[in-house]
Amino acid sequence: MARIAGVDLPKNKRLRVALTKIYGIGPKISHDICKSAGFKESLRVHELNDDDIVNLRSVIEKNYKVEGDKRREKAMSIKRLMDLSCYRGIRHRKGLPVRGQSTRQNARTRKGPKKTVANKKKAV
């Protein structure tokens, strides 16, 4: 089993598809990695030998930020926005949509489940 950047790659998938299971590697970067390491895209993960895996691991570590580094970078970017107290940072802090979406009816993913607010009682 090929283990790269702390992720076990699925054995029976093509290399290009299996690399996308690593956080920070999408289809385009996966294609570039296969090209720079000199592998065919139709190659399956279980067909790789130990030398190929070492070669692949070195290409990824040398040229790309993946997994923990990428997650840390993303978290630091969000924290920076929150520390600046800019509009986007305030939206992150409040747990509301950041990119201009409407919140009147929808946005349940960001806001969480509905919290019912009771009506005021009318004076008699």
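Predicted model, so just to flag it, every value in this text is computed and none were measured. (Residues numbered from 1 in each chain as written. Predicted model: local features only at pLDDT ≥ 70, side-chain atom pairs only at ≥ 80, totals over all residues. Heavy atoms only, no water.)

Draft legend 1. Quick look at the overall build of the protein. A tally of regular secondary structure across the protein gives six helices and two strands. Along the protein, helices and strands appear, N-terminal first, in the series β-β-α-α-α-α-α-α. Its C-alpha atoms give the protein a radius of gyration of 22 Å, more than 25% over the compact-globule value 14 Å for 124 residues. Expressed as lengths along the three principal axes of its C-alpha atoms, the size of the protein is roughly 85 × 30 × 20 Å. The contacts of the protein with a sequence gap of at least 6 include a subset with a gap of at least 24, amounting to 42%. (Helix = DSSP H or I, 4+ residues; strand = E, 2+ residues; numbered from the N terminus. Rg over C-alpha atoms; globule rule 2.2 N^0.38 Å. Contact = heavy atoms within 4.5 Å.)

Draft legend 2. Main features of the packing of helix 2 (residues 27-37) against helix 3 (residues 50-63). Between helix 2 and helix 3, whose axes approach to 10 Å, the crossing angle comes to 125°. Put simply, helix 2 runs oblique to helix 3. At the point where helix 2 passes helix 3, the crossing takes the right-handed sense. Facing Ile33, Ser36 and Ala37 of helix 2, the residues of helix 3 in contact are Asn55, Leu56, Val59 and Ile60. Of the residues assigned to the contact of helix 2 with helix 3, the class counts are five nonpolar, two polar and no charged. (Axes fitted to C-alpha atoms, helices over the stretch in contact; angles between N-to-C directions. Parallel < 35°, antiparallel > 145°, perpendicular 65-115°, else oblique. Left-handed = near helix turned anticlockwise from the far one by under 90°. Nonpolar A, V, L, I, M, F, W, Y, C, P; charged D, E, K, R; others polar.)

Draft legend 3. Spotlight on the pattern of salt bridges. Scanning all chains against the criterion turns up six salt bridges. For the salt bridge of Lys28 with Asp32, the shortest nitrogen-to-oxygen distance reads 3.0 Å. Here the residue Lys28 and the residue Asp32 both occupy positions in helix 2, the gap between them amounting to four residues, near one helical turn. According to the relative accessible area criterion, Lys28 is exposed, its value standing at 56%. With a shortest N-O distance of 3.1 Å, Glu73 and Lys65 are connected by a salt bridge. (Salt bridge = Lys/Arg side-chain N within 4 Å of Asp/Glu carboxyl O. Buried < 20%, exposed > 50% of the residue type's maximum accessible area, 1.4 Å probe, protein only.)

Draft legend 4. Geometry of unusual backbone geometry. Despite not being glycine, Glu67 shows a phi value in the positive range, around 50°. On the secondary structure map, Glu67 appears in the loop between helix 3 and helix 4 (68-84). Of note, the phi angle at Ser85 is positive, near 60°, even though the residue is not glycine. Summarising the element assignment, Ser85 is placed in the loop between helix 4 and helix 5 (87-94).

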